[in-house]
Amino acid sequence: MADLSGMRFSESHEWTRKDGDQVTVGITEYAQSQLGDVIYLELPAVGQPLEAGGRMGVIESVKAASDLYSPVGGEVAEVNTELKDHPEFINQDPYGKGWILKLKSVKDNPKLLDEKAYESFTAGEPH
Amino acid sequence: MTSPTATAERTPLYDEHVRLHAQMTNFGGWSMPLQYTSIRDEHQAVRTAAGMFDLSHMGEIRVTGSGALGLVQKVVARDIAPLKVGRAQYTVLCNEGGGIIDDLLVYAEDGGYVLVVNAGNQDRDFDWIRRHAGRDSQVSNVGRETALIGVQGPRAVAIVQALADQDLTGVKYYAFTDGTLAGVPARLSRTGYTGEDGFEIFSAPADAAAVWNALLERGKDRGLKPAGLGARDTLRLEAGMRLYGNDMDEQTNPLQAGLEWTVSLDKDFIGAPALRRAAANLDRTIAGLKMLDRSIPRHGYPVMLDGQRIGSVGSGNVSFTLGFNIAMASIPPDQAMAGKRLGIDVRGTTAPAEVVPLPFYKRPRPNLKGEN
């Protein structure tokens, strides 16, 4: 089990982790298990500004296409290009090699939940 | 992200799915397993070894009596007079306008016929058929008294054979036999919806769990996995098989759905006059499309040519077997020749696609021994 302490989570099931002066973003274990097999991602270009809660891209599983939302505001510093050939990394390791992008010039989002609050939030969602 | 299942009907295998930690979904009013572990893994198991599906949600309608043949002939589009007892055929039920009410398998059995229909349509189909029945035929809705398990894949026949009391090598494709499987009475039908060889096993609901668990046990060291509706959908799409509600509906006639081979236009049946007229001027058909980039075509996405919408996607997804993305789309017949370049509007961007022949996937060759 990944160490999630210090990470923060959105109600749309993205996670954030501070990484120096950048923030790494991905989707949670709960989100990947609900989506099922991820087969395609549509991600923003490096340099694109994102707003907290704004559309960050599209994630497609066998079942459906879903929007991704940026949990914090900032500018895209890096995207995980390995996901292009290996979208299944999101299922296999959502907190590790399944990371989606890194943001710089981050504007914090006080609405994000800590690990415990996110856990109780997902407990109320359908499983 | 999953549909609520509280009000949905349950099959006799519901508890088995829960025990196997399936992710359940509402399909046609039934609570069904969407996946057990991963759609990809379940799909691959069916293509390379075997997969097992709960199909008990599907409807069965039995037609008996001296007028049984006449009634079935009147409601289905294909001439089933030549269908011998022990054989099955795929065809469609049409309304007066030729629109498809449902697609189905007709099984000829002693004393009449059994129609195997889609879960979400079973009560409507039953009402429709009963409405056209005369005094010389009886129609009964036996879907909820019938369990159905599909075993599909290159090792499926061998796994079923290992549990059956009789030799199954003589049971040809689209034929069935009544016998005993895992100690219970069962109808073993060499049919399927995946493009692989295999059997579909009808039994009493009370016996379904015994059949299911015997298959699981017997198949586990041969790579058999329980597979959900997710894999069933990606498998049937590769095999070019239509899904009612996605690829066709009452606004589609069987000629527009590319199912002319299931229609006997020289026979009298409900919808025949309308279909004869439609045949003279066919405005659309279903074509296979191969995506030339990585975008995923989905139901309802527009098909584009020179900036104009010429049709729409019925079913689309990744093809795990072929390694690219595929769709079946409803388009004009004169644009449906193999090699034709078309576009699919994916969220406002036109993604390149090419018409390819259906089915996308064909199993290497019928393997009567059921082994790789």
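Above: the structure in question.
Residues numbered from 1 in each chain as written. Chains lettered and ligands numbered in written order. Predicted model: local features only at pLDDT ≥ 70, side-chain atom pairs only at ≥ 80, totals over all residues.

(A) Representation of the overall build of chain A in the model. Tallying secondary structure elements over chain A gives four helices and nine strands in all. In sequence order, the secondary structure elements of chain A are arranged as β-β-β-α-β-β-β-β-β-α-α-β-α. For chain A, whose C-alpha radius of gyration is 13 Å, the value lies close to the compact-globule estimate of 14 Å for 127 residues. Judged by the C-alpha coordinates and their principal axes, chain A covers about 35 × 35 × 25 Å. Across the 127 residues in chain A, those meeting the buried criterion constitute 40%. (Helix = DSSP H or I, 4+ residues; strand = E, 2+ residues; numbered from the N terminus. Rg over C-alpha atoms; globule rule 2.2 N^0.38 Å. Buried ≥ 20, exposed ≤ 12 C-beta atoms within 10 Å, placed from the backbone.)

(B) Broad picture of the sheet that holds strand S5 (residues 49–50) of chain A. Residue and element names in this part refer to chain A. The strand order across the open sheet formed by six strands is S1-S2-S3-S9-S8-S5, and the pairing between neighbours is antiparallel. Strands at the two margins of the open sheet, each flanked by one partner only, are strand S1 (8–9) and S5. Relative to strand S2 (residues 14–19), S1 runs antiparallel, the two being bridged by two bridges. Its bridge partner lying in S2, Arg 8 is registered against Thr 16. (Pairing = 2+ DSSP bridges.)

(C) Seen up close, the environment of B:Phe176. All names here are of chain B. For Phe 176, the location among the structural elements is in strand S11 (residues 176–181). Phe 176 gets classed as buried once you count the C-beta atoms within 10 Å, which come to 25. When the C-alpha atoms of Phe 176 and Phe 199 are compared, they prove to be 8.8 Å apart, with 23 residues separating the residues in sequence. Each residue touching Phe 176, except ones within four places of it in the same chain, is listed here: Gly 86, Ala 88, Tyr 107, Val 171, Arg 187, Leu 188, Ser 189 and Arg 190. (Contact = placed C-beta atoms within 7 Å.)

(D) Layout of helix H4 (residues 122–131) of chain B. Residue and element names in this part refer to chain B. Within the span of H4, buried status applies to Gln 122, Asp 125, Phe 126 and Ile 129. Down the axis of H4, the smallest arc covering the buried residues is 100°, so these residues share one side. Exposed positions of H4 whose direction lies more than 90 degrees from the buried face are Asp 127 and Arg 131. Those residues of H4 that are buried lie in contact with strand S5 (59–64), helix H3 (68–75), strand S6 (88–94), strand S7 (100–109), strand S8 (112–117) and strand S9 (138–141). (Arc of directions from axis to C-beta.)

(E) Molecular detail of the nonpolar core. Residues and elements named next belong to chain B. Counting residues in each nonpolar core, the largest one holds 130 residues, and the members touching the most others are Val 106, Ile 149, Val 151 and Ile 201. Looking at this core element by element, the count peaks at seven residues for S7. Apart from the residues within four sequence positions on either side, Ile 201 is in contact with Leu 148, Ile 149, Val 151, Leu 181, Ala 186, Leu 188 and Val 211. (Core = buried A, V, L, I, M, F, W, Y, C linked by C-beta atoms within 7 Å.)

(F) Here's a closer look at the packing of helix H5 (residues 156–163) of chain B against helix H6 (residues 205–219) of chain B. Residue and element names in this part refer to chain B. At a minimum axis distance of 10 Å, the contact between H5 and H6 shows a crossing angle of 115°. Where H5 crosses over H6, the two elements pack in a sense that is right-handed. Side by side, H5 and H6 meet where Ile 159, Ala 162 and Leu 163 of the first sit next to Ala 214, Leu 215, Arg 218 and Gly 219 of the second. (Axes fitted to C-alpha atoms, helices over the stretch in contact; angles between N-to-C directions. Left-handed = near helix turned anticlockwise from the far one by under 90°.)

(G) Representation of the interface of chain B and chain A in the model. At the interface, 15 residues of chain B touch 12 residues of chain A. Elements represented by at least two residues in the side of chain B that touches chain A include exactly helix H2 (39–48), helix H7 (229–238) and strand S17 (308–318) of chain B. Looking at side-chain class alone, the side of chain B that touches chain A contains four nonpolar, seven polar and four charged residues. (Nonpolar A, V, L, I, M, F, W, Y, C, P; charged D, E, K, R; others polar.)

(H) Inspection of the environment of B:Asp247 at higher detail. Within the secondary structure, B:Asp247 is located in the loop between H7 and helix H8 (272–279). The exposure class of B:Asp247 is buried, given the 25 C-beta atoms found within 10 Å.

(I) Structural context of the sheet that holds strand S2 (residues 23–27) of chain B. All names here are of chain B. On the basis of which strands lie adjacent, the open sheet formed by three strands has the order S1-S3-S2 and mixed pairing. Edge positions in the sheet fall to strand S1 (9–10) and S2, since each has one partner strand and no second. Sheet topology places S2 next to strand S3 (residues 30–35); five bridges connect them, and they run antiparallel. From the neighbouring strand, Met 24 faces S3, where its bridge partner is Pro 33. Against the sheet, H7 touches S2 and S3, its axis set at about 70° to S3.

(J) Layout of the environment of B:Gln166. Residues and elements named next belong to chain B. Within the secondary structure layout, Gln 166 lies in the loop between H5 and S11. With 150 residues separating them in the primary sequence, Gln 166 and Glu 16 have C-alpha atoms 27 Å apart. For Gln 166, the contacting residues outside a window of four places in its chain are Thr 177 and Gly 179.

(K) Here's a closer look at the packing of H2(B) against H7(B). Residue and element names in this part refer to chain B. Contact geometry for H2 and H7: axes closest at 8 Å, N-to-C directions at 55°. As summarised for this structure, H2 and H7 are arranged oblique, according to the angle between their axes. When you trace H2 past H7, the crossing you get is right-handed. Contact residues: H2 offers Ile 39, Glu 42, His 43 and Val 46, while H7 offers Gly 230, Ala 231, Thr 234 and Leu 235. For the contact of H2 with H7, a count of residues per class yields four nonpolar, three polar and one charged. (Parallel < 35°, antiparallel > 145°, perpendicular 65-115°, else oblique.)

(L) Spotlight on the pairing of strand S18 (residues 325–331) of chain B. Residue and element names in this part refer to chain B. Here S18 lies mainly inside the structure; seven of its seven residues are buried. Of the two faces of S18, the one lined by Asn 325, Ala 327, Ala 329 and Ile 331 and the one lined by Ile 326, Met 328 and Ser 330 are each fully buried. Summarising the sheet, strand S15 (residues 285–291) and S18 pair through six bridges and their orientation is antiparallel. Opposite Ile 286, over in S18, you have Ser 330 as the bridge partner. Sheet topology places S17 next to S18; six bridges connect them, and they run antiparallel.

(M) Representation of unusual backbone geometry. All names here are of chain B. Of note, the bond from Leu 358 into Pro 359 is cis; its omega dihedral lies within 30 degrees of zero at -5°. Examined against the element boundaries, Pro 359 turns out to sit in the segment after strand S20 (349–356). At Ala 182, a position not held by glycine, the phi torsion is positive, near 50°. Within the secondary structure, Ala 182 sits in the loop between S11 and strand S12 (184–189).

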